Amino acid sequence: MDKDIKQQIIELKQEKEAIILGHYYQIPEIQDISDFVGDSLNLAQKAMETNKKIILFCGVHFMGETAKILNPDKKVLIPDMNAGCSLADSCKYDEFKKFKSLYPDHIVISYINCSAEIKTLSDIICTSGNALQIVNSLPKDQKIIFAPDKNLGGYINRMTGRNMVLYNGSCEVHELLTAEYTLKMKKQHPDAVLIAHPECNDAISSIADYVGSTQGMIKYVKESNNKKFLVATETGILHKLKSDNPDKEFIIVTNDDSCACNDCRHMKLNTMEKVLNSLKNEEYEIKLDNETILSAKKPIEKMMEISKKLGIIK
Ligand code: 13P
Ligand code: SF4
């Protein structure tokens, strides 16, 4: 049955001239049928470069929106309209507009995990793959609001010595992890290297051996001589880590003895059946009005421009 679905997806993809973009937090089967798997930065770049008619984005809603903003003339689909993001949802337009008005001399840097509406209120978008470098590239006295992730913002403040104003948003998956339990796991596995996503709280980031985006973690592990890793992020990343490094051991960092995994309930809404349905019926389509697209595109283009200048992307 699974093989059948896989074959149908492959055939439909060709027939409809579609590209499937998949995030590292998707289930292994979806990562395997994706034309490209990456972190938010790589995926945004791929979405910008594709000449396919349809982009099927296997990730969450804000990722589909980003692809649509970059490709207003293409059909952008996501397998399940309910695949949202707690971080993006923690930052609502009216509330953020009010927050922004309290700091009229600040520019706004927003993490890509936000809605298209929040992007329209932003000056520069960043991802976990370029946030630190983007902030570092700005003049030291530049006043900055960083939204919506207080953890990524706090990590950047610590690393750069800046004092960015942080919006109080967070990811429900990473937010559950605690430094106390992570330290306990470190003690249980003294030979393991701790790698963490910057959406974890700063107490975890500060005890990690490496902090970076999903792509960053994957690269770090591949280049490391160590054989054992404690992984503080969403479980989906294990698929790529294990397939790249069959000789290495990975232990997902959890928040108590009974919790077996850190699945993002939004990312995991996508299934192979839904991917097939998406291609078959060309649903569920991301729709945005032209005004939103035009104004949300500017801070994304700014991010791409700075990332190219800094050599983060080609
Ligand atoms: P990256 O893959 O860009 O590190 O982002 C992680 C994430 O939370 C996506 O929702
Ligand atoms: Fe959002 Fe967190 Fe899920 Fe990523 S892992 S989609 S940030 S809720």
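Coordinates for the structure precede this section.
Source: prediction; values computed, not measured. Every chain is numbered independently, its residues counted from 1 as its sequence is written. Following the order in which they are written, the chains are lettered starting with A and the ligands numbered starting with 1. Where totals are concerned, whole chains, interfaces and linings use all residues; where local detail is concerned, this predicted model gives features only for residues with pLDDT of at least 70, and gives and counts side-chain atom pairs only at 80 or more. Only heavy atoms go into the side-chain values, all of them from the structure, while hydrogens and water stay out.

**Student:** What is the right way to read the nonpolar core from this model?
**Tutor:** Across soluble globular proteins, nonpolar side chains have a tendency to be buried as a group. In this structure, Ile109, Ile124, Ile156, Ala232 and Met303 are the most contacted members of the largest nonpolar core, which totals 65 residues. Setting aside residues up to four positions removed in sequence, Ala232 forms contacts with His174, Leu177, Leu194, Ile195, Ala196, His197, Cys200, Ile204 and Val253. Side-chain atoms within 4.5 Å are what join buried Ala, Val, Leu, Ile, Met, Phe, Trp, Tyr and Cys residues into a set we call a nonpolar core. Buried residues are those whose accessible area, probed at 1.4 Å on protein chains only, stays under 20% of the maximum for their type, while exposed residues exceed 50% and partly exposed ones sit between those limits. Formed by 15 residues, the second largest nonpolar core is a distinct cluster that contains Ile5, Leu77, Met272 and Leu279. Two residues qualify as a contact provided that any one of their heavy atoms is within 4.5 Å of a heavy atom in the partner residue.

**Student:** Looking at this structure, how should I read the side chain of Ser34?
**Tutor:** The way it works is that DSSP assigns letters per residue, a run of H or I at least four long becomes a helix, a run of E at least two long becomes a strand, and they are numbered from the N terminus. Its place among the elements puts Ser34 in the loop between helix H2 (28-33) and strand S2 (36-38). The buried category is assigned to Ser34, whose relative accessible area is 12%. The definition of a polar contact used here is a pair of N or O atoms within 3.5 Å, where within protein one atom must be able to donate a hydrogen and the other to accept one, and adjacent residues in sequence count solely through side-chain atom pairs. Looking at Ser34, its side chain comes within polar contact range of the main-chain oxygen of Ile30, at 2.7 Å.

**Student:** Sorry, what's going on with the site of ligand 2 here?
**Tutor:** As a structural note, the neighbourhood of ligand 2 is formed by Tyr25, Val60, Cys85, Ser86, Asn113, Cys171, Val173, Glu199, Cys264, His266 and Met267. By the convention adopted, Pro, Cys, Tyr, Trp, Phe, Met, Ile, Leu, Val and Ala count as nonpolar, Lys, Arg, Asp and Glu as charged, and the other residues, Gly among them, as polar. Across the shell around ligand 2, the residue classes break down as seven nonpolar, three polar and one charged. Here a residue counts as near a molecule or strand whenever at least one of its heavy atoms sits within 4 Å of it.

**Student:** Any chance you could explain the environment of Glu223 here in plain terms?
**Tutor:** Here Glu223 is to be found in helix H13 (residues 214-223). Look at Glu223 and you get exposed, because its relative accessible area is 57%.

**Student:** Quick question: what am I supposed to make of the packing of aromatic side chains here?
**Tutor:** In this description, an aromatic ring pair is defined by two values, namely the gap between the centres and the angle between the planes. By convention, a stacked pair of Phe, Tyr or Trp rings (six-membered ring in the case of Trp) has centres within 6.5 Å and planes under 30 degrees apart, an edge-to-face pair has planes over 60 apart, and any other such pair is tilted. In total, this model carries six aromatic pairs according to the counting rule given. For the pair Phe96 and Tyr167, a centre-to-centre distance of 5.4 Å together with 80 degrees between the ring planes defines the contact as edge-to-face. Placement of the pair is Phe96 in helix H6 (residues 93-101) and Tyr167 in the loop between strand S8 (165-166) and helix H10 (172-175), with a sequence separation of 71 residues. Pair check on accessibility: Phe96 and Tyr167 agree, each one buried. Ring geometry for Phe229 against Phe250: centres 5.6 Å apart, planes inclined by 20 degrees, an arrangement best described as stacked. Of this pair, Phe229 sits in strand S11 (residues 228-232) while Phe250 sits in strand S12 (residues 249-252), and the two are 21 residues apart along the sequence. For Phe229, a relative accessible area of 0% puts it in the buried group. Assessed through its relative accessible area of 10%, Phe250 is described here as buried. Three or more aromatic residues joined by ring pairs form one cluster here, namely Phe96, Phe99, Tyr103 and Tyr167.

**Student:** Help me out: how do you make sense of the environment of Leu21 in this one?
**Tutor:** By the element assignment, Leu21 lies in strand S1 (residues 18-23). In this structure, the C-alpha to C-alpha distance between Leu21 and Asn281, residues 260 residues apart in sequence, is 18 Å. The residues touching Leu21, leaving out its near neighbours within four places in the chain, are Ser34, Phe36, Leu43, Lys46, Ala47, Ile55, Leu56, Phe57 and Cys58.

**Student:** Explain helix H16 (residues 290-309) here, please?
**Tutor:** Note that an α-helix has 3.6 residues per turn; residues three or four places apart therefore point the same way. In this model, H16 (20 residues) spans 28 Å end to end at C-alpha, consistent with the 28 Å of a helix rising 1.5 Å per residue. Helix geometry: H16 is bent most strongly at Lys298, by close to 25 degrees, with proline Pro299 lying one to four residues after it. Among the residues of H16, Thr292, Ile293, Ala296, Pro299, Ile300, Met303, Met304, Ile306 and Ser307 are the ones counted as buried. Looking at the packing, one finds that the buried side of H16 touches helix H3 (40-49), helix H4 (61-70), helix H7 (116-120), strand S6 (124-126) and helix H8 (131-136). The N-terminus of H16 is capped by Asp289, whose side-chain oxygen sits 3.2 Å from the backbone nitrogen of Glu291. At the C-terminal side of H16, Gly311 shows a positive phi close to 80 degrees. In this analysis, the expected span of each helix is defined as 1.5 Å times one less than the number of residues it contains. Fitting axes to the seven residues ending at a residue and to the seven starting there, one defines the bend at that residue as the angle between these axes.

**Student:** How do you make sense of unusual backbone geometry when you look at a structure like this?
**Tutor:** The peptide bond linking Ala147 to Pro148 adopts the cis configuration, its omega dihedral lying at -15 degrees. Inspection of the secondary structure assignment puts Pro148 in the loop between strand S7 (144-147) and helix H9 (150-160). Here Glu283 and Tyr284 are connected by a cis peptide whose omega angle stands at 5 degrees. A positive phi angle is found at Glu17, which is not glycine, with a value near 55 degrees. Mapped onto the fold, Glu17 is located in the loop between helix H1 (2-15) and S1. Even without glycine at this site, Glu282 takes up a positive phi of about 50 degrees. Within the element layout of this structure, Glu282 appears in the loop between helix H15 (272-281) and H16. A relative accessible area of 26% means that Glu282 is categorised as partly exposed.

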